[in-house]
Amino acid sequence: MGWTRRTVVAGGIAAGLARPVSAGVNGAATRDWRALGEAVRAEMAWAWDQYRTRAWGKDEIRPISGGASSFPLKTGHLGLSLIEALDTLWLMGLDSRFADGIAWVKAHADFDVDGEVSVFETSIRLVGGLLSAHLASGDAAVLARARDLADRLLPAFDTPTGFPYRYINLRTRAVRDPATNPAEIGTFLPEWGTLSRLTGDPRYRDVTRRASVALFSRRSKLDLLGTRIDARTGEWLDRRATIGSYADSYYEYLWDSWQLFGNREMRRMYRTCTDAILRHQVVRRDGFLWFRDVDMVTGVALNERQDELSSYYGGLLAQGGDRAVGVAYTEFWATLQDRYGILPEEFDCTTGKPTQVGNALRPELADAAFNLWLLDRSPRWRELAATHFEAMRRWNKAAHGYADLADVTTKRQADHCPGYWWSEQMKYYWLMFSDTPRFDYKRNYLTTEGNVLLGFRR
Ligand code: DMJ
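Draft legend 1. The arrangement of the pattern of salt bridges in detail. Applying the stated criterion to the full structure yields 36 salt bridges. We note a salt bridge from Glu 390 to Arg 31, for which the minimum N-O separation is 3.0 Å. Here the residue Glu 390 occupies a position in helix α16 (residues 379-395), and Arg 31 occupies one in the loop between α2 (21-30) and α3 (33-54), the gap between them amounting to 359 residues. Two residues, Glu 38 and Arg 41, come together in a salt bridge whose shortest N-O distance is 3.2 Å. Within this pair, Glu 38 and its partner Arg 41 are both found in helix α3, separated by three residues, close to a single helical turn. Residue class for Glu 38 comes out partly exposed when judged on its relative accessible area of 41%. Each of Glu 84, Glu 121, Arg 125 and Glu 449 takes part in one network of salt bridges that share partners.

Right under this line is the structure:
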């Protein structure tokens, strides 16, 4: 018997996989959530102490060897993991460790470095991390560090379109690479708008708003955006419309700017983009739902690969009012999590096979579970996050921290722990399981990197 497209998909995704909903809800009744929260907190404290001993002030600990790696500089360190961890430590009540980290920032954080960084990564991780650490600590010196860093990134936005160059030298301000993308154009306003609010300087909000609006104005007649665009000319370089990497957090920040600032213009842009995505990119097959990549001009389907980064999208859809689609998409990812234990970086729905077998210790499915849970408090989302946490503890834990997987099919680890691990999934698990009094579960805002910009209860 030949494999038709339909049988490949059915065999690839659906065959033999029970929908996990009922198992999750039943399990939820018997779980001790506070104990699970304590387990998360204990893992965070242990990992921090490893970092404190072996990689203090470095960007990333190497969790297998105990060494260190640099990011976002190629060489040299800015204290990335330390800064990303700070608000998580505070929310967990790990107060002496938090104070130790704040003291390091005040004594050692120095961005006057002759080295090139990604404008986008530096903003979401370091500017965002410092802002949330400032809001958690109330320390003005931490805000001054965030502002100094943003000032070093600001010249990247000085282009004819208002889209930032992708890279900038922190000391010389030399810029490089105008071939940018929606995520690296439009993932700024919540952090930079907060910086404007805290400093009284409107420039941060104005340049980042301008970039987001200018990108929206270059949408196609179908209201879709592509994947690559030239910051000097505004010409599209790649017409592939996707909800995944290179586009993902643009859509997230349109909604977030409404959520955090009540910005109606951004909410209108979110609605227009989301309606187009729902019209042209949704695939429903064999009881599952996912999003194909299409040509932004013609709407013609290009591929049905899903990168793991896309799994955040179910949470965003629910936040924006499209709950049923968001739930269905998150359940699609939950099914893949049940199959692989840890999600592969990329999966092809037409063959039912991973196309990239690694996993860089990704938080996105826990992010979606967290956002869904904030909306409806269904035990299903706690259960999904618990599965994510327990799988991570089983397969990603190494001698000196938590590690990427080089291959989810064999569970072979890689000697790397990304900075976002400290800011994202550990915080989502903790907030979902602990019911901490330090967080306002009704009025809050977390950035794409999990940094809390609203919702601390001090
Ligand atoms: C994080 O840095 C952010 O969530 C970003 O928006 C994309 N994904 C990584 C983690 O996978």
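Next comes the rest of the description.
Draft legend 2. Geometry of the site of the ligand. Near the ligand, the surroundings consist of Ile 124, Arg 125, Leu 309, Arg 362, Pro 363, Glu 364, Tyr 420, Glu 424, Thr 448 and Glu 449. The side chain of Glu 364 places a nitrogen or oxygen atom 2.6 Å from an oxygen atom of the ligand. Between Thr 448 and the ligand, the recorded distance is 2.7 Å, taken from a side-chain N or O atom to an oxygen atom. For the ligand, whose unbound accessible area comes to 300 Å², protein coverage reaches 92%. Of the residues belonging to the shell around the ligand, the class tally is four nonpolar, one polar and five charged.

Draft legend 3. Highlighting helix α12 (residues 264-280). Given a rise of 1.5 Å per residue, 17 residues ought to cover 24 Å, and the 24 Å separating the end C-alpha atoms of α12 matches this to within 8%. Of the positions making up α12, those classed as buried are Met 266, Met 269, Tyr 270, Cys 273, Thr 274, Ala 276 and Ile 277. Relative to the axis of α12, the buried residues are bounded by an arc of 160° and lie together on one face. Opposite its buried face, α12 presents the exposed residues Arg 264 and Arg 279, each directed more than 90 degrees away. Where α12 is buried, its residues meet α9 (189-199), α10 (203-216), α11 (248-261), β10 (282-285), β11 (288-291) and α13 (313-319). By the N-cap criterion, in which a side-chain oxygen at the helix start approaches the backbone nitrogen of a residue two or three places on, α12 is capped by Asn 263, the distance to Glu 265 being 3.1 Å.

Draft legend 4. Representation of helix α18 (residues 425-434) in the model. Most of α18 is tucked away, with 10 of its 10 residues classed as buried. Looking one or two residues beyond α18, the residue adopting positive phi is Asp 435, at roughly 55°.

Draft legend 5. Layout of the pairing of strand β19 (residues 404-407). Where β19 meets strand β20 (residues 412-414), three bridges bridge the pair, whose relative direction is antiparallel. Bridge assignment links Asp 407 to a residue of β20, and that residue is Arg 412. Taken together, β19 and the strand that follows it, β20, pair antiparallel across an intervening segment of four residues, in which Lys 411 is found at a positive phi of about 70°.

Draft legend 6. View of the sheet that holds strand β3 (residues 116-118). Strand order in the open sheet formed by three strands is β3-β4-β5, and the pairing between neighbours is antiparallel. Since the sheet does not close on itself, it has two edges, and those belong to β3 and β5 (175-176), each with one partner. Where strand β4 (residues 167-169) lies against β5, two bridges are found, and the strand directions are antiparallel. By the bridge assignment, Tyr 167 is partnered in β5 with Arg 176.

Draft legend 7. Representation of the side chain of Thr 88 within the structure. You can see Thr 88 is positioned in helix α4 (residues 80-91). Among all residues touching Thr 88, those that are not within four sequence positions of it are Met 44, Trp 422, Ser 423, Met 426 and Lys 427.

Draft legend 8. The packing of α3 against α4, seen in detail. One can describe the packing of α3 onto α4 by two numbers: an axis separation of 12 Å at closest approach and a directional angle of 150°. Classed by the angle they form, the pair α3 and α4 counts as roughly antiparallel. The element α3 and its partner α4 pack so that their crossing is left-handed. When α3 is examined against α4, the residues Met 44, Trp 48 and Tyr 51 are found in contact with a partner set consisting of Ser 81, Leu 82, Ala 85, Thr 88 and Leu 89. Residues that form the contact of α3 with α4 fall into these classes: six nonpolar, two polar and no charged.

Draft legend 9. Structural view of the sheet that holds strand β7 (residues 228-230). On the basis of which strands lie adjacent, the open sheet formed by three strands has the order β6-β7-β8 and antiparallel pairing. Looking at the sheet topology across the chains shown, the edges are occupied by β6 (179-180) and β8 (236-238). Inspection of the sheet shows β6 paired to β7 by two bridges, in the antiparallel sense. Within the sheet, the bridge partner assigned to Ala 179 lies in β7 and is Asp 230.

Draft legend 10. Examining the packing of helix α15 (residues 364-376) against α16 more closely. With their axes 8 Å apart at the nearest point, α15 and α16 run at an angle of 160° to one another. As the angle between them shows, α15 and α16 are arranged roughly antiparallel. Crossing of α15 against α16: the hand is left-handed. The residues of α16 that touch α15, namely those facing Leu 365, Ala 366, Ala 369, Leu 372, Trp 373 and Asp 376, are Trp 381, Arg 382, Leu 384, Ala 385 and His 388. Looking at side-chain class alone, the contact of α15 with α16 contains eight nonpolar, one polar and two charged residues.

Draft legend 11. Focus on unusual backbone geometry. Put simply, Phe 71 and Pro 72 share a cis peptide bond, and its omega is 10°. Structurally, Pro 72 is set in the loop between β2 (68-69) and α4. Despite not being glycine, Asp 435 has its phi angle at roughly 55°, a positive value. Tracing the chain through its elements places Asp 435 in the loop between α18 and β21 (445-446). The partly exposed category is assigned to Asp 435, whose relative accessible area is 37%.

Here is what the cut-offs are and how they apply
Residues numbered from 1 in each chain as written. Predicted model: local features only at pLDDT ≥ 70, side-chain atom pairs only at ≥ 80, totals over all residues. Heavy atoms only, no water. Salt bridge = Lys/Arg side-chain N within 4 Å of Asp/Glu carboxyl O. Helix = DSSP H or I, 4+ residues; strand = E, 2+ residues; numbered from the N terminus. Buried < 20%, exposed > 50% of the residue type's maximum accessible area, 1.4 Å probe, protein only. Near = heavy atom within 4 Å. Polar contact = N/O pair within 3.5 Å; in protein donor to acceptor, adjacent residues only side chain to side chain. Areas by Shrake-Rupley, 256 points an atom, 1.4 Å probe, with all protein chains shown as cover. Nonpolar A, V, L, I, M, F, W, Y, C, P; charged D, E, K, R; others polar. Expected span 1.5 Å × (residues − 1). Arc of directions from axis to C-beta. Contact = heavy atoms within 4.5 Å. Pairing = 2+ DSSP bridges. Axes fitted to C-alpha atoms, helices over the stretch in contact; angles between N-to-C directions. Parallel < 35°, antiparallel > 145°, perpendicular 65-115°, else oblique. Left-handed = near helix turned anticlockwise from the far one by under 90°.

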